[in-house]
Amino acid sequence: MVSVSLCMIVKNEEDVLERCLNSVSDLVDEIVIVDTGSTDRTKEIAARFTRLVLEFPWRDDFAAARNESFAHASMDYCMWLDADDVLLEADRAAFLELKETLDPAVSVVMAPYHTGFDGGGRVTFSYCRERLIKNRAGMAWEGAVHEVIAPAGRIVYADFAVTHRKTRPSDPDRNLRIYQAQLREGKTLEPRQQFYYGRELYYHQQWEEALAVFEAFLAEGRGWVENCIDACCHCAYCQEKLGRPEAALASLFRTFSYDRPRAEVCCELGRWFLERERHGQAAYWYALALTCARDDRRGGFVSPDCYGYLPCIQLCVCCDRLGDRERARVFNELAAACKPDDPAAARNRAYFQTLE
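Because the structure is a prediction, the values reported are computed rather than measured.

Reading the values: rules and limits
Residues numbered from 1 in each chain as written. Predicted model: local features only at pLDDT ≥ 70, side-chain atom pairs only at ≥ 80, totals over all residues. Heavy atoms only, no water. Helix = DSSP H or I, 4+ residues; strand = E, 2+ residues; numbered from the N terminus. Buried < 20%, exposed > 50% of the residue type's maximum accessible area, 1.4 Å probe, protein only. Lys, Arg positive; Asp, Glu negative; His and termini not counted. Salt bridge = Lys/Arg side-chain N within 4 Å of Asp/Glu carboxyl O. Pairing = 2+ DSSP bridges. Arc of directions from axis to C-beta. Contact = heavy atoms within 4.5 Å. Core = buried A, V, L, I, M, F, W, Y, C linked by side-chain atoms within 4.5 Å. Phe/Tyr/Trp six-rings, centres within 6.5 Å; stacked < 30°, edge-to-face > 60°.

A look at the side chain of Asp91
Then, in step 1: Of note, Asp91 is situated in helix α4 (residues 89-101).
Then, in step 2: Salt bridges are absent for the buried Asp91, whose nearest opposite-charge side chain, Arg165, sits at 8.9 Å.

Put into structure tokens, the structure is as follows:
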């Protein structure tokens with residue numbers, strides 16, 4: 001069995017740290033916690049689980065802090081978590097099975113990161129992250145914000161997922177401040193950081209600035225294909241906010257120059273046409289979404305609803321507007337099969353009953 005060091009960076013996490021550590025402490029062989037300036041009970045809580053509670057002055061660089069935590073790990077693999085992450089019971093069992101069977105020749109273990117949920121607790125947003133990294137194998141964190149380790153060597157994909165359960169909002173301006181400080185210092189953002197800088201501008205409703213950053217990122221042609229597809233989508237969102245719907249549509253179609261259609265993009269195209277009451281074209285794109293194979297291992301952002309529920313519930317609407325009530329009913333029941341407690345499907349059923 002391989003050994004694992006859990007490596008975390010924390011600051012003022014007294015409300016969530018114990019929950020996180022309770023979900024994973026008995027699965028790992030060592031816990032390293034690097035505190036970057038807590039003023040609450042975070043270090044006290046951490047000390048209940050490990051003697052390796054270290055201090056590291058915060059310098060607006062997440063990669064530097066994570067590399068510090070990895071530097072103190074002594075086990076075969078380093079595993080990172082944020083304080084508001086947890087391993088659910090099924091994922092705990094899958095993690096333990098992986099640990100018992102993992103080939104020590106593996107360099108990186110990728111695992112799903114569940115970060116968005118609907119009212120029923122079902123995952124609505126997920127992506128794979130490098131979760132276990134071979135210790136002292138030459139890999140390091142990069143990026144002051146949205147830090148990453150570029151996987152190298154032999155890579156495997158795990159069945160266990162990490163669930164991100166926020167209890168409070170984080171500082172919404174922190175990441176943008178860090179990026180803008182870097183730019184003021186004359187630093188050039190590498191492609192991945194440029195992509196995330198554009199997203200931060202978008203979150204701050206700086207549509208023109210975000211659009212310019214995304215367009216520059218795409219023009220350079222050095223970005224990862226999944227980031228390029230997402231950048232095209234964000235260009236579309238910015239164009240819509242700026243009152244340029246045709247340019248938004250062109251940006252969505254641009255995604256097809258990078259790879260085969262993603263269900264997420266097809267649903268965006270369906271939405272674009274549905275909002276303009278072009279129901280036949282909307283139905284085409286929602287139907288195409290249902291043909292797209294979901295592949296979490298490609299590494300990009302995944303919205304599971306786009307691979308079943310969302311196209312079906314929208315096809316119900318499209319078919320009804322097109323006068324095909326029978327197909328509308330069928331798609332509504334398919335949507336309900338994806339989410340049995342879905343209120344939209346229930347309302348549709350009630351609507352269809354009024355037509356009998």
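That covers the picture; the talk isn't over yet.
Points about the pairing of strand β4 (residues 77-80)
Then, in step 1: What you see with β4 is no split at all: Tyr77 and Met79 on one side and Cys78 and Trp80 on the other are buried throughout.
Then, in step 2: Judged from the 4 bridges that link them, strand β1 (residues 4-10) and β4 form a sheet pairing that is parallel. Across the sheet, the residue bridging to Val4 is Tyr77, located in β4.
Then, in step 3: Where β4 and strand β7 (residues 123-134) come together, 3 bridges link them in antiparallel fashion. The residue bridging Tyr77 from the neighbouring strand is Lys134, located in β7.

Some details on helix α11 (residues 279-289)
Then, in step 1: Those residues of α11 not exposed but buried are His279, Ala282, Ala283, Trp285, Tyr286 and Ala289. On an axial view of α11, the arc spanned by its buried residues comes to 165°, and they lie on one face.
Then, in step 2: The elements touched by buried residues of α11 are α9 (245-254), α10 (263-275) and α12 (309-321).

Details of the pattern of salt bridges
Oppositely charged side chains can pair when the atoms bearing their charge come close.
Then, in step 1: Throughout the structure, instances matching the rule amount to 35 salt bridges.
Then, in step 2: A salt bridge links Glu55 to Lys43; the shortest N-O distance between them is 2.9 Å. Of this pair, Glu55 sits in strand β3 (residues 53-55) while Lys43 sits in helix α2 (residues 42-47), placing them 12 residues apart in sequence.
Then, in step 3: Taking relative accessible area as the criterion, Glu55 reaches 58% and is therefore assigned exposed.
Then, in step 4: Note on Lys43: relative accessible area 31%, which makes it partly exposed.

Things to note about the pairing of strand β6 (residues 108-117)
Then, in step 1: With respect to burial, β6 is a largely interior element, 8 of its 10 residues being buried.
Then, in step 2: Two strands pair when backbone bridges link them, and β6 and β7 are joined in this way by 9 bridges, in the antiparallel orientation. Across the sheet, the residue bridging to Tyr113 is Tyr127, located in β7.
Then, in step 3: Two strands pair when backbone bridges link them, and β6 and strand β11 (residues 162-164) are joined in this way by 2 bridges, in the parallel orientation. Its bridge partner being in β11, His114 is matched across the sheet by Thr163.

Side note on the nonpolar core
Then, in step 1: Leu6, Met8, Met79, Leu81, Phe95 and Phe160 are the most contacted members of the largest nonpolar core, which has 77 residues in total.
Then, in step 2: With 7 residues, helix α7 (residues 207-220) is the single largest residue contributor to this core.
Then, in step 3: If we skip the residues at most four places from it in the chain, Met8 touches Leu17, Cys20, Leu21, Val32, Ile33, Val34, Ser69, Leu81, Asp82 and Ala83.

A closer look at the environment of Asp230
Then, in step 1: By the element assignment, Asp230 lies in helix α8 (residues 225-241).
Then, in step 2: When the C-alpha atoms of Asp230 and Glu264 are compared, they prove to be 9.7 Å apart, with 34 residues separating the residues in sequence.

Notes on the packing of aromatic side chains
Then, in step 1: Summed over all chains, the structure comprises 22 aromatic pairs.
Then, in step 2: With 5.9 Å between their ring centres and 70° between their planes, Phe70 and Trp141 make a pair best called edge-to-face. Placement of the pair is Phe70 in helix α3 (residues 62-71) and Trp141 in strand β8 (residues 141-142), with a sequence separation of 71 residues.
Then, in step 3: Exposure remark for Trp141: the relative accessible area of 4% places this residue in the buried category.

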